[in-house]
Amino acid sequence: MAQAQIPLDKPPAADVGHGHHPEQWKWYHYFWYNTDHKVIGIQYIVFSFAFYLIAGMMALFMRAELYTPDPDVLDPTVYNSFLTNHGTMMIFFWVVPAAIGGFGNYLVPIMIGAKDMAFPNLNAIAFWVNPPAGAFLLASIFMGGAQAGWTSYPPLSRITNPNAQSLWILAIATVGTSSILGALNFLVTIWKLKIPSMKWDQLPLFVWAMVATSALALFSTPVLAIGLFLLLFDINFGTNFFRPENGGDVVVYQHLFWFYSHPAVYLMILPIFGIMSEVISTHSRKPIFGYKAIAYSSLAICFVGLFVWVHHMFTSGTPAWMRMFFTISTLIVAVPTGVKIFGWVATLWGGKIRLNSALLFAVGLLAMFVMGGLSGVTLGTAPFDLHVHDTYYIVAHFHYVLFGGSVYGLYAGIYHWFPKMTGRMLNEPLGKVHFILTFIGTNLTFLPMHELGLQGMPRRIAMYDPKFESINHICTYGSMILGFSILPFIVNIIWSWSKGPIAGRNPWRSLTLEWQTTSPPAIENFEEEPIMWAGPYDYGVDTVMDDSEQSVAEMLATVKEEMK
Amino acid sequence: MTSGIISNLFSLVTNLSQLRIKEVEVMQTAIETTNNDAVAEAAEQEAIEHSAHEDYRLLGLTIFLASESLMFLALFASYLIYRGAHPVWPPEGTEVELVFPAINTVILVSSSFVIHQGDVALKKNDVKGFRLWYAITILMGAIFLGGQAYEYMTLGYGLSTNIFSSCFYFMTGFHGLHVFVGLLLMLGVLWRSRRMGHYNATKHTGPEMAEIYWHFVDVIWVVLFTLLYILTHL
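From a predicted model like this one, the values you see are computed outputs, not experimental measurements.

A few points about the environment of E451(A)
All names here are of chain A.
Line of reasoning, step 1. Counting through the fold element by element, E451 comes out in helix α14 (residues 428–455).
Line of reasoning, step 2. What makes E451 partly exposed here is its relative accessible area of 38%.
Line of reasoning, step 3. When the C-alpha atoms of E451 and Y393 are compared, they prove to be 7.2 Å apart, with 58 residues separating the residues in sequence.

Some thoughts on the side chain of H262(A)
Residue and element names in this part refer to chain A.
Line of reasoning, step 1. In this fold, H262 is placed in helix α8 (residues 250–283).
Line of reasoning, step 2. Only 2.8 Å separates the side chain of H262 from the side chain of Y266, close enough to count as a polar contact.
Line of reasoning, step 3. Setting aside its immediate chain neighbours within four residues, H262 contacts G305, V308, W309, H311 and H312.

Remarks on helix α2 (residues 76–111) of chain A
Line of reasoning, step 1. Largest kink in α2(A): about 50°, centred on P97(A).
Line of reasoning, step 2. Directly beyond the C-terminal end of α2(A), a positive phi value near 75° is found at G113(A).

Here's the deal with a nonpolar patch on the surface
Residue and element names in this part refer to chain B.
Line of reasoning, step 1. Taken together, L98, V99, I103, I230, L231 and L234 make up a surface patch of nonpolar side chains, about 560 Å² in accessible area.
Line of reasoning, step 2. Of all the elements in the fold, those that place two or more residues in the nonpolar patch are α2 (99–123) and α5 (205–233).
Line of reasoning, step 3. Summarising the element assignment, I230 is placed in helix α5.

Some points on the nonpolar core
Line of reasoning, step 1. Core analysis: the biggest nonpolar cluster contains 226 residues, and Y52(A), F92(A), F93(A), W94(A), F103(A) and W344(A) have the highest contact counts within it.
Line of reasoning, step 2. Other than its neighbours up to four places away in sequence, W94(A) contacts S48(A), F49(A), Y52(A), M89(A), A99(A), V407(A) and L410(A).

Digging into the packing of aromatic side chains
Residues and elements named next belong to chain A.
Line of reasoning, step 1. Applying the stated rule across the entire model yields 64 aromatic pairs over all chains.
Line of reasoning, step 2. Considering the side-chain rings of Y52 and W94, the 4.4 Å spacing of their centres and the 15° angle between planes classify their relative orientation as stacked. A residue pair is termed long-range when its members are at least 10 positions apart, and Y52 in helix α1 (residues 37–65) and W94 in helix α2 qualify at 42 residues.
Line of reasoning, step 3. A residue is classified by how much of its surface remains accessible, and Y52, at 7% relative accessible area, is buried.
Line of reasoning, step 4. A relative accessible area of 1% places W94 in the buried class.
Line of reasoning, step 5. Seen in terms of ring centroids, F384 and Y393 are 5.3 Å apart; in terms of plane orientation they differ by 70°. Their pairing is edge-to-face.

Focus on helix α4 (residues 130–142) of chain A
Residue and element names in this part refer to chain A.
Line of reasoning, step 1. Taking 1.5 Å of rise per residue, 13 residues should cover 18 Å, and α4 covers 19 Å from first to last C-alpha, within 8% of that figure.
Line of reasoning, step 2. Along α4, the positions that sit buried rather than exposed are N130, A133, G134, L137, S140 and I141. One side of α4 holds all its buried residues, which, seen down the axis, span an arc of 120°.
Line of reasoning, step 3. With its phi angle positive at about 100°, G144 sits one or two positions after the end of α4.

Section: the packing of helix α11 (residues 357–380) of chain A against helix α13 (residues 392–422) of chain A
Residue and element names in this part refer to chain A.
Line of reasoning, step 1. For the pair α11 and α13, the least separation of the axes is 8 Å and the interaxial angle reads 160°. Taken together, the axes of α11 and α13 lie roughly antiparallel to each other. As for how α11 packs across α13, the hand of that crossing is left-handed.
Line of reasoning, step 2. Residues belonging to the contact of α11 with α13 are distributed by class as follows: 16 nonpolar, 12 polar and no charged.

Overview of the confidence of the model for chain B
Line of reasoning, step 1. Confidence in the prediction of chain B, expressed as mean pLDDT, is 85, and 82% of residues score 70 or more.
Line of reasoning, step 2. Across the assembled chains, the prediction reports ipTM 0.86 with pTM 0.86.

Comments concerning the pattern of salt bridges
Line of reasoning, step 1. Evaluation of the coordinates by the stated rule reveals five salt bridges over all chains.
Line of reasoning, step 2. A salt bridge links D36(A) to K38(A); its shortest N-O distance comes to 3.3 Å. When sorted by exposure, D36(A) lands in the same class as K38(A), which is buried.
Line of reasoning, step 3. With a shortest N-O distance of 3.3 Å, D119(B) and K123(B) are connected by a salt bridge. Taken together, the residues D119(B) and K123(B), both in helix α2 and four residues apart, mark about one turn of the helix.
Line of reasoning, step 4. You can call K123(B) partly exposed: its relative accessible area is 43%.
Line of reasoning, step 5. Each member of the salt-bridge network shares a partner with another, and the members are D390(A), R459(A) and R460(A).

Thoughts on the side chain of H178(B)
All names here are of chain B.
Line of reasoning, step 1. Structurally, H178 can be placed in helix α4 (residues 163–196).
Line of reasoning, step 2. Overall, H178 belongs to the buried group, its relative accessible area being 8%.
Line of reasoning, step 3. Polar side-chain contacts of H178 include one of 2.4 Å to the side chain of E68.
Line of reasoning, step 4. When residues no more than four places from it in sequence are discounted, the contact partners of H178 are E68, F72, Y213 and V217.

Describing the environment of V96(B)
Residue and element names in this part refer to chain B.
Line of reasoning, step 1. As for its position among the elements, V96 is in the loop between α1 (2–84) and α2.
Line of reasoning, step 2. For the pair V96 and H233, spaced 137 residues apart in sequence, the C-alpha separation works out to 8.5 Å.
Line of reasoning, step 3. Beyond its immediate sequence surroundings of up to four residues, V96 is in contact with L155, Y157, F164, F168, L228, Y229, T232 and H233.

A look at the interface of chain B and chain A
Line of reasoning, step 1. Listed by partner, the interface residues are 26 residues for chain B and 31 residues for chain A.
Line of reasoning, step 2. When chain B packs against chain A, the two sides together hide about 2500 Å² of surface, and 79% of this comes from carbon and sulfur.
Line of reasoning, step 3. Area buried by chain B at its contact with chain A is led by Y56(B), Y82(B) and F170(B), which between them contribute 24% of it.
Line of reasoning, step 4. Linking chain B with chain A are seven residue pairs in polar contact (both at pLDDT 80 or more).

Reading the values: rules and limits
Per chain, the residues get numbers from 1 upward, laid out in the order the sequence is written. The order in which chains are written sets their letters, starting at A; the order in which ligands are written sets their numbers, starting at 1. Residues qualify for local features only when their pLDDT is at least 70, as the model is predicted, and side-chain atom pairs are given and counted only at 80 or more; totals for whole chains, interfaces and linings, by contrast, use all residues. Only hydrogens and water are set aside; all other atoms, that is, all heavy atoms of the structure, feed into the side-chain values. For the purposes of this entry, the term helix denotes a DSSP run of H or I that reaches at least four residues, the term strand denotes a run of E that reaches at least two, and both are numbered from the N terminus. Only protein chains enter the accessibility calculation, which uses a 1.4 Å probe. A residue is then buried if its area is under 20% of the maximum for its type, exposed if over 50%, and partly exposed in between. Pairs of N or O atoms within 3.5 Å make up the polar contacts considered here, provided that, within protein, one atom can donate a hydrogen while the other can accept it, and that residues adjacent in sequence are counted only when both atoms are side-chain atoms. Residue contacts follow a heavy-atom distance rule, with two residues in contact if any of their heavy atoms lie within 4.5 Å. Note that the bend at a residue is defined as the angle between axes fitted to the seven residues ending at it and the seven residues starting at it. Patches in this entry comprise residues that are over 30% relatively accessible and not in a salt bridge; like charges within 9 Å are linked, as are nonpolar side chains (Val, Leu, Ile, Met, Phe, Trp, Tyr) within 5 Å. The accessible surface values rely on the Shrake-Rupley method and a 1.4 Å probe; as for residues, cover is taken only from the protein chains in view. Salt bridge, as used here, is a side-chain nitrogen of Lys or Arg placed within 4 Å of a carboxyl oxygen of Asp or Glu. The nonpolar core is taken to be a set of buried Ala, Val, Leu, Ile, Met, Phe, Trp, Tyr and Cys residues, with the residues joined through side-chain atoms within 4.5 Å. We call Phe, Tyr and Trp rings a pair once their centres come within 6.5 Å, taking the six-membered ring for Trp, and we label the pair stacked below 30 degrees between planes, edge-to-face above 60, and tilted otherwise. Helix span, as expected, comes to 1.5 Å for every residue beyond the first. This arc describes the spread of directions from the helix axis toward the C-beta atoms. Axis definition: a line fit to C-alpha positions, over the contact stretch in the case of helices; interaxial angles, taken between N-to-C directions, run 0 to 180 degrees. Each angle is binned into one of four classes, with values under 35 degrees roughly parallel, values over 145 roughly antiparallel, values of 65 to 115 roughly perpendicular, and all other values oblique. Crossings are classed by handedness, with left-handed meaning an anticlockwise turn of the near helix from the far one by less than a right angle and right-handed meaning a clockwise turn. Residues are sorted three ways: Asp, Glu, Lys and Arg are charged, Ala, Val, Leu, Ile, Met, Phe, Trp, Tyr, Cys and Pro are nonpolar, and all the rest, Gly among them, are polar. Residue-level confidence of the predictor is summarised by pLDDT, bounded by 0 at the bottom and 100 at the top. The term buried area denotes the loss of accessible surface (1.4 Å probe radius) that occurs when two parts are joined, taken as the sum for both partners.

Below you can see the structure in the form of structure tokens.
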């Protein structure tokens, strides 16, 4: 393989690329129906970020409530509704749409050299069903709120607040539709629109991750839809699916729900793994270690991930043979995940590391995710799970993987691709403050929860035994730090978007295709169809692509010389 | 001598001018051919892009139907769990007919062959035949839906009677919704064919998609019919 890939024939040295093309989108285009995948990607990210803030505020209220054992800050029903909507919004309205809809839409077509997605209109529709879904969800809060947790197990979800619960179901079914349409679009786009000179083993790892994510979404989301429709009919039309007195079975709901909702954690983490590969390879200036292993491990996670859902139901009267099968399959998922982690560590090893905000969040993710993964392995084994089921140990585990994994990854992605999306650089010191506050806040909030869970504090409940109070104080302080950590980030984004230094085409000297066009990219992404000469991660070649102030034209000349 | 020079000059000039004319002609033909080439190339490019886009649409539909089939698989799996938990199935008082739905099934399944005839006709550029076959398919689908509605009215029990009735109405109703969407798709195809003159032997992705969807709906019905009717009578 040749050493480096510079996919442009013309030296782009004269380019300054600062977003003032006449054909560039204006701000108001982002609030309107638009079929450009970059506009849709940013729409997804901003929309979901708003829900992240709302759901985060709910979490802060819940932590304030849990500061003391008694219900003094929130009414218990309000607590229940905040609990339900915090989980729902964080999953269905923040991580999934931001990672798949946002980064996926923005990056996949540029990374494969396409002009747009295969079905631009379908893509826009898939975004625009999200605002009504969000409206349903917000409306349900003001109708007393869905109270049954984000899992909404019947019979609780059938009995309490049927109207709010029905709206909640409609909201989730709507974003599910959006997710299916998006996944279909990604698969067709990657399959058909990748430039001819790009071979399958030259796809950036983010694109590979999106292949796995889309396949998983297509297989699992319809099952959730059926479960929710059955529940909707039970609530509103008197059907008997989950009414044991008439022959129904509540465990069927759990199967249908977890057949989606367990794979949903991979939906949330696989795109993040893709982001990690890009960020770590770019900022440690090294080819990714084990390209194929990382690509195939995404597919392996996608496949094995479809056979592990019962580990959420070890306490639901599951027979012993089933517990054994699902314990083993759950532990097997740790293998491809470990392959990825080792791949990234080996990439960092001996690299020429630039410890900027994007890489800080990526490395933070490694630490947090290993921690969450280890507690996940303990939870995947049935005997231990029976012991700590529905305690704060579970809460600690999934916040380590979801906050320390997905949210850190989204931050890393934003710090990494902000110059590409806006044409301007973010402020590094503010970014580092953001990272430090977030890292302290997350660990202070969620680490003590392991201990709370082992001591037996139940989750989901506003009141608790006074003996847990001191540890809960630590968690609440941590959550306040976490809440404040968002401020430098927001200030940074708003200030840099309007006044930040101009980024230029390729501020990180990255080799994937999206950095070879202007920042922000023009409407159809590339002036002319780019050509792949080599793999997307071939860094570290003698003279090419180090941190020196070598211009792209010089790099191009060097590479052409070497190609002869 | 002078005349010689003059004649030479003349011949030179005429030669030059002829040369010039020839050059212009060559250039013009060149321009024309490049124009023709460019036009032809553009047309060809457009045709390629068009067929490529049609290709994406078929792939997109296939993936969508794969996703849809997971919905029905989830329903079938839930139904089998409910069935396994009950020794008497269906519970007393909620039995289903067999003969009338069987006739209905025959109508729906044979409509798959009818719609395929429409596709065959279209590929032979027989647009009228294509429209006729599609109209017959729509009629057969509508008869099936009407038959299902008649069956619902005559059964004498409702959604909430017991777990079997809930499954029965939800599953057949959910399938009926898909039949209805299929009818809308075919009506759309017919409308575009009549009003806008779409579809011929080379451009037939729209009808093809309607046909694939219709086959899918039929296959699902065969499984549903087996589960809900035949297996409850054995």
